[in-house]
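Here's the letter readout for the chains.
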Amino acid sequence: MTHLEQYNQVFMKLFGVAEEDLPALIYLRGNWDSLQHIEMITMMEDTFNISINSTDVILFNSYEKGKEILRKYGVEV
Amino acid sequence: MTKDVAQLLEIPPFSLPQAAKEALFFPAALELTRYHSVHCEPYANILRALEFDPEATHRTRELPFLPSGLFKAMRLSSVPSEQEYARSLTSSGTTGSQTVHVELDRETAADQQRALAHIAADFIGAARLPMLILDQPSILAHGSGLSARAAGILGFSLFARRRVFALREDFTLDLPAIRMFLEQANGGPFLLFGFTFMVWKYFCQALRKSPEHLDFSGGILIHGGGWKKLLDQAVPPEEFRRALNECCGLHRIYNYYGMAEQAGSVFFQCGAGRFHASELSEVFVRRAEDFSLCEPGEPGILQVLSLLPRSYPGHSILTEDEGVFLGADDCPCGRLGKSFWVTGRLRQAQPRGCSDVYAG
């Protein structure tokens, strides 16, 4: 699986959305509440074996923005 | 996020001397007052009744304030359509008291989280740590609204690397889970979070009765809300700290003061025992008879302001709590801005659960 596929998997599994709907995902809209947010961050950390700091946890506020954040941790999505 | 809030989140939360802070805070708070008077009709009516004139207002202390009871009686919203609401936050549960309604949209909810992280990091650092929640797991179960207790746990969870609940559903200690948490935390640092009353009754008291000694000396406890119940039980803050230190070695203990109407911009208590207003919030202590400002050291009613509430007009509130203004830029801990004590609850005020929605 590519990084992008793994990245997409986390969102699709957690939010139960189809791949084509991923780019529209935004924090605090739909199912993506703060409870799910922490789940998602933990899943990203486990998937890519990284450790995201608290500032980036807050900045990670959309599907697209998340790719940028992961890049900081050396994960090209 | 508004420009004002974004700008203030760029600088450390207690770094501006009071005069410089007022120069930034007042225009932002005035703008927020105007914003709500345009977007919330009942609020505009209240301002008219108060004969509030924005042109004649030059200082934060002159801004109007709403009594916190109003958020029990009314749903005040500055968001155009019902569909926009991300959620409504409720604080209730103490027998006989009414629920506080706060309508949150996405922007305000996100601002609250950023602000909380920004302020808390000044006390506990920005690293994410394993977190033991001194509450029951079902507190986070989804419902129609979010209780303030759950919102607090969620807010502080942004600092958590791993979350474990210390209590079972029947409020007894989940000792196997706690032992495993401590083993994995390996001496710390780690976080503990809970509501004051829950920490006292179901953690501290239970540990005192337990024959097993658990070592929490590497932990940092954050607690808030519901402390008024402790005062009813005559547990002063010093006794609270001493008991926790004795029963499990905890010594890094941070209390915070906040309310559902102004989630996010909380007031943390420093090592010198004072609560601090960050650059995102402000505090005044007023006399009950005419709402004039108290002198430093003189007890009165706490008024709190926050730059965060944009989806509802809760940016300036007269609380039902009694406090003492201590001074500005003069705390031994070195944090700038105003500091105060929270001394109790106004006698005539209706008992209200801020976060202590557990009525036990």
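Everything numeric in this text was worked out from a predicted model, so none of it was measured.

Rules of the game
Starting afresh in each chain, residues are numbered from 1 along the sequence in its written order. Starting at A for chains and at 1 for ligands, labels are handed out in the order in which the entities are written. Local features in a predicted model are, by the rule used here, given only for residues with pLDDT of at least 70; side-chain atom pairs are given and counted only at 80 or more, and totals for whole chains, interfaces and linings are based on all residues. Values reported for side chains reflect all heavy atoms of the structure, with hydrogen atoms and water molecules removed beforehand. In DSSP terms, a helix is any run of H or I states spanning at least four residues, a strand is any run of E spanning at least two, and both are numbered starting from the N terminus. In this treatment the radius of gyration is a C-alpha quantity, and the globule benchmark scales as 2.2 Å times the residue count to the 0.38 power. With a 1.4 Å probe rolled over the protein chains alone, any residue whose accessible area is under 20% of its type maximum counts as buried; one over 50% counts as exposed, and the rest are partly exposed. When checking whether two residues touch, look at their non-hydrogen atoms; a contact exists if any pair is within 4.5 Å. Note that accessible areas follow from Shrake-Rupley with a 1.4 Å probe, and for residues the cover is restricted to the protein chains shown. Positive: Lys, Arg. Negative: Asp, Glu. His and the chain ends are not part of the count. Each charge is placed at NZ for Lys, CZ for Arg, CG for Asp and CD for Glu. Accessible area, probed at 1.4 Å, shrinks when two parts are joined; the buried area is that loss added up over both. Salt bridges are identified by distance alone: a Lys or Arg side-chain nitrogen within 4 Å of an Asp or Glu carboxyl oxygen. Polar contact criterion, stated in full: a pair of N or O atoms within 3.5 Å, where within protein one must be able to donate a hydrogen and the other to accept it, and residues adjacent in sequence count only if both atoms are side-chain atoms. For the purposes of this section, nonpolar cores are sets of buried Ala, Val, Leu, Ile, Met, Phe, Trp, Tyr and Cys residues that join through side-chain atoms within 4.5 Å. Residues enter a patch when their relative accessible area is above 30% and they make no salt bridge; the linking distance is 9 Å between like charges and 5 Å between nonpolar side chains (Val, Leu, Ile, Met, Phe, Trp, Tyr). Confidence of the predictor in every single residue is expressed as pLDDT, which spans 0 to 100. Pairing of aromatic rings covers Phe, Tyr and the six-membered ring of Trp, with a centre-to-centre limit of 6.5 Å; geometry is then stacked below 30 degrees between planes, edge-to-face above 60, and tilted otherwise. The rule for a charge over a ring is simple: NZ of Lys or CZ of Arg within 6 Å of the ring centre, and within 35 degrees of the ring normal.

As a further point, take the overall build of chain A. Secondary structure assignment for chain A yields 4 helices and 0 strands. Relative to the 2.2 N^0.38 estimate, which gives 11 Å for 77 residues, the radius of gyration of chain A is 11 Å and therefore close to what a compact globule would have. Once the C-alpha set of chain A is aligned to its principal axes, its extents read approximately 30 × 25 × 20 Å. Of all 77 residues assigned to chain A, the portion counted as buried reaches 44%. Sequence separation of at least 24 residues holds for 47% of the intrachain contacts in chain A that already meet a minimum separation of 6. About 3800 Å² of surface is accessible on chain A, with carbon and sulfur atoms providing 47% of the total. Treating the 6 positive side-chain charges of chain A as one cloud and the 12 negative ones as another, the clouds have centres 6 Å apart.

What follows is about the interface of chain A and chain B. In this complex, chain A contributes 20 residues to the contact, which on the side of chain B involves 18 residues. Carbon and sulfur atoms supply 55% of the area that chain A and chain B bury against each other, a total of about 1700 Å² over both sides. Across the contact surface, chain A and chain B share 2 salt bridges. When the shortest N-O distance is used, the salt bridge between Glu45(A) and Arg128(B) registers 2.5 Å. Between chain A and chain B we count 7 residue pairs in polar contact (both at pLDDT 80 or more) in total.

The subject of this paragraph is helix H6 (residues 148-157) of chain B. Counted residue by residue, H6(B) has 9 buried out of 10 residues, so it is predominantly covered. Ala148(B), Arg149(B), Ala150(B), Gly152(B), Ile153(B), Leu154(B), Gly155(B), Phe156(B) and Ser157(B) are the residues of H6(B) that are buried.

Phe11(A), Met44(A), Phe60(A), Phe156(B), Phe203(B), Phe216(B) and Phe268(B) are the most contacted members of the largest nonpolar core, which totals 128 residues. Not counting residues up to four positions away in its chain, the partners in contact with Phe156(B) are Leu116(B), Ala120(B), Met131(B), Phe193(B), Ile222(B), Tyr256(B) and Phe268(B).

Turning our attention to a negative patch on the surface. All names here are of chain A. Taken together, the side chains of Glu5, Glu19, Glu20 and Asp21 define an acidic patch exposed on the protein surface. Residue placement: Glu5 occurs in helix H1 (residues 3-15). A relative accessible area of 40% places Glu5 in the partly exposed class.

Before going further, it helps to examine the confidence of the model for chain A. As a note on interpretation, predicted positions should not be read in detail where pLDDT is low. Across chain A, the average pLDDT comes to 92, with 100% of residues at or above 70. Ranking the elements of chain A by mean pLDDT puts helix H3 (residues 54-59) of chain A last with 86 and helix H4 (residues 63-72) of chain A first with 96.

Here the focus is the packing of aromatic side chains. Residue and element names in this part refer to chain B. Enumeration over the complete set of coordinates arrives at 29 aromatic pairs over all chains. Between Phe190 and Phe216, the aromatic rings sit 6.2 Å apart at their centres with planes inclined by 65 degrees, giving edge-to-face as the arrangement. Here Phe190, found in strand E7 (residues 190-195), pairs with Phe216, found in the loop between helix H8 (196-209) and strand E8 (219-224); they are 26 residues apart in sequence, far enough to count as distant. The interplanar angle of 15 degrees and the centroid separation of 6.4 Å between the aromatic rings of Phe193 and Tyr256 together place this pair among those described as stacked. Linking Phe193 in strand E7 with Tyr256 in strand E9 (residues 252-257), this pair joins segments that are 63 residues apart in sequence. For the pair formed by Phe193 and Tyr256, the shared burial category is buried. Here the aromatic residues Phe14, Phe123, Phe156, Phe193, Phe195, Tyr254, Tyr256 and Phe268 are joined through ring pairs into a cluster of three or more. Across from the ring centre of Phe25, 5.4 Å away, lies the NZ or CZ of Lys21, which sits over that ring.

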